[in-house]
Amino acid sequence: MRWGLLFAAAATTIASNHGPKLRTRFTFRSPTNENVLSILFGCNDLHEIPEIEVKFNHNSVGITRPTLCNNLSEARDVFPMCSGYPDDESKLSRLFRSTCSSSFTSDKVACSSINHNGWRILRFRKQVGSGKQCYKRVQQAIYNWDFVSREGKKSIGILAPKKSVHLAKVNQIQSTANPRRGLLGTFSEIPLFKSLFVVNPIHVIYDVKDCRHKNIPKSIVSSSSYATLDGHLLAGEERVSVVLRGNDAVDIEIVSFSRSAPSVNGLIVWPFIGRMQKLFFLKEMEHLSRVAKKRIIFHVWCMYCVDE
């Protein structure tokens, strides 16, 4: 039943693939940074970006944005809501503490989930290292929005075109830095007789860089977020943040708001993607954790070389 509905959604999507329209694609082409745009636009070879209007598929774009100060002169005094600090008293943080279901993975990732106002809200947190260099490595990886993870016959990830493409209109007030990336594609692999890939269109909506909060001294945070575009089977946003705490610890937080897209195919797929969503975010956390520890691994390798 489950696979039958998913194949029905795939068949309907494939049948409607005429013209260079940006949308979720089911394809046997293995997606890469080089071909992700041509896959998303339904072209074999994309020589130039079609001049089409690109819209988001929900009316809550920016729902994950950090809380800005009321005083515009202090616009850089921002901090993400639900950042994990004990003195963070945002409405969502209180809701997480009182009603969410929580667990820890074997890799020490704190996982929380709630349903609120029609959104499935997922939150993942982990301490990944210490020091400003560690923080900066993760910060750059967050802004790049590019990772691929493979486990057995399945792969999953986010692909960024080699040259950034900015198509959607975003509210720059939400950013404290110009977003490095624009149009991106998330993908997941379904192993059949031949691997089938589901590739989805998303667009970065803001980057927040090295911001502080007056109630949390000596800590800084950087964040980036993307939202789903019209044609995606889901609707929502993901925000990834890296925090350098006052005690030099570096934490990563991933927050996702999602619900079914307002389409028949979105309604078909929605009941079956919960497990895949969680796997996606855990693999993203795994990737960022490796980035955080890259310098440590290099130093350990050098020490062994010197000893020999």
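Residues numbered from 1 in each chain as written. Predicted model: local features only at pLDDT ≥ 70, side-chain atom pairs only at ≥ 80, totals over all residues. Heavy atoms only, no water.

### A few points about helix α4 (residues 132-144)
Here is step 1 of the chain: In a regular helix each residue adds 1.5 Å, so 13 residues correspond to 18 Å; α4 covers 18 Å between its end C-alpha atoms and thus fits that length.
Here is step 2 of the chain: If you check which residues of α4 are buried, you get C134, Y135, R137, V138, Q139, A141, I142 and Y143.
Here is step 3 of the chain: W145 sits one or two positions beyond α4 and adopts a positive phi of about 45 degrees. (Helix = DSSP H or I, 4+ residues; strand = E, 2+ residues; numbered from the N terminus. Expected span 1.5 Å × (residues − 1). Buried < 20%, exposed > 50% of the residue type's maximum accessible area, 1.4 Å probe, protein only.)

### Brief notes about unusual backbone geometry
Here is step 1 of the chain: You will see that K108, though not glycine, has its phi angle at about 65 degrees, which is positive.
Here is step 2 of the chain: Mapped onto the fold, K108 is located in the loop between β2 (101-104) and β3 (110-116).
Here is step 3 of the chain: A relative accessible area of 66% places K108 in the exposed class.

### A word on the confidence of the model for the protein
Here is step 1 of the chain: Residues with a pLDDT of 70 or more make up 73% of the protein, whose mean pLDDT is 79.
Here is step 2 of the chain: Within the protein, helix α1 (residues 2-15) has the poorest average pLDDT of any element, 49, and α4 the best, 96.
Here is step 3 of the chain: Every residue in residues 1-5 scores below 50 in pLDDT, and together they form 4 contacts with partners more than four places removed in sequence or on other chains.
Here is step 4 of the chain: Contacts from residues 296-308, a stretch scored under 50 in pLDDT, to residues over four places away or in other chains number 0 contacts. (pLDDT = per-residue confidence, 0-100. Contact = heavy atoms within 4.5 Å.)

### Some points on the side chain of S224
Here is step 1 of the chain: Tracing the chain through its elements places S224 in strand β9 (residues 216-228).
Here is step 2 of the chain: Within polar-contact distance, the side chain of S224 engages the backbone oxygen of Y206 at 3.4 Å.
Here is step 3 of the chain: In this structure S224 touches I142, Y143, W145, V204, Y206, D207, E238, R239 and V240, once residues within four positions along its chain are discounted. (Polar contact = N/O pair within 3.5 Å; in protein donor to acceptor, adjacent residues only side chain to side chain.)

### Details of the side chain of H58
Here is step 1 of the chain: Within the secondary structure, H58 is located in the loop between α2 (36-40) and α3 (91-99).
Here is step 2 of the chain: According to the relative accessible area criterion, H58 is buried, its value standing at 6%.
Here is step 3 of the chain: Side-chain polar atoms of H58 contact the backbone nitrogen of S60, separated by 3.1 Å.
Here is step 4 of the chain: Looking at H58, its side chain comes within polar contact range of the main-chain oxygen of G236, at 3.2 Å.

### So, the environment of R290
Here is step 1 of the chain: In this structure, R290 sits in helix α6 (residues 274-307).
Here is step 2 of the chain: Since its relative accessible area comes to 45%, R290 is described here as partly exposed.
Here is step 3 of the chain: Separated by 152 residues in the primary sequence, R290 and V138 place their C-alpha atoms 9.2 Å from one another.

### A few points about the pattern of salt bridges
Here is step 1 of the chain: Enumeration over the complete set of coordinates arrives at 10 salt bridges.
Here is step 2 of the chain: When the shortest N-O distance is used, the salt bridge between E189 and R150 registers 3.1 Å. Of this pair, E189 sits in strand β7 (residues 183-190) while R150 sits in strand β5 (residues 147-151); the two residues are 39 residues apart in sequence, bridging distant segments of the chain.
Here is step 3 of the chain: Overall, the relative accessible area of 7% leaves E189 in the buried class. (Salt bridge = Lys/Arg side-chain N within 4 Å of Asp/Glu carboxyl O.)

### Some thoughts on a nonpolar patch on the surface
Here is step 1 of the chain: Together, F28, L192 and F193 make up an exposed nonpolar region whose accessible area comes to about 350 Å².
Here is step 2 of the chain: For F28, a relative accessible area of 41% corresponds to the partly exposed category. (Patch = residues over 30% accessible without salt bridge, like charges linked within 9 Å, V, L, I, M, F, W, Y side chains within 5 Å. Areas by Shrake-Rupley, 256 points an atom, 1.4 Å probe, with all protein chains shown as cover.)

### Some details on the packing of aromatic side chains
Here is step 1 of the chain: Tallied over the entire structure, the rule returns 7 aromatic pairs.
Here is step 2 of the chain: Ring geometry for W119 versus F257: centroids 6.1 Å apart, planes at 75 degrees, classification edge-to-face. Here W119, found in strand β4 (residues 119-130), pairs with F257, found in strand β11 (residues 249-260); they are 138 residues apart in sequence, far enough to count as distant. Neither residue differs from the other here; W119 and F257 are each classed as buried.
Here is step 3 of the chain: Measuring from ring centre to ring centre gives 5.5 Å for F280 and F281, while their planes differ by 85 degrees; the resulting arrangement is edge-to-face.
Here is step 4 of the chain: Given a relative accessible area of 5%, F281 falls into the buried group.
Here is step 5 of the chain: Connected via pairs of aromatic rings, a cluster forms that spans F124, F147, F280 and F281.
Here is step 6 of the chain: Taking NZ or CZ as reference, R120 lies 4.0 Å from the ring centre of W270, over its face. (Phe/Tyr/Trp six-rings, centres within 6.5 Å; stacked < 30°, edge-to-face > 60°. Lys NZ or Arg CZ within 6 Å of the ring centre and 35° of its normal.)

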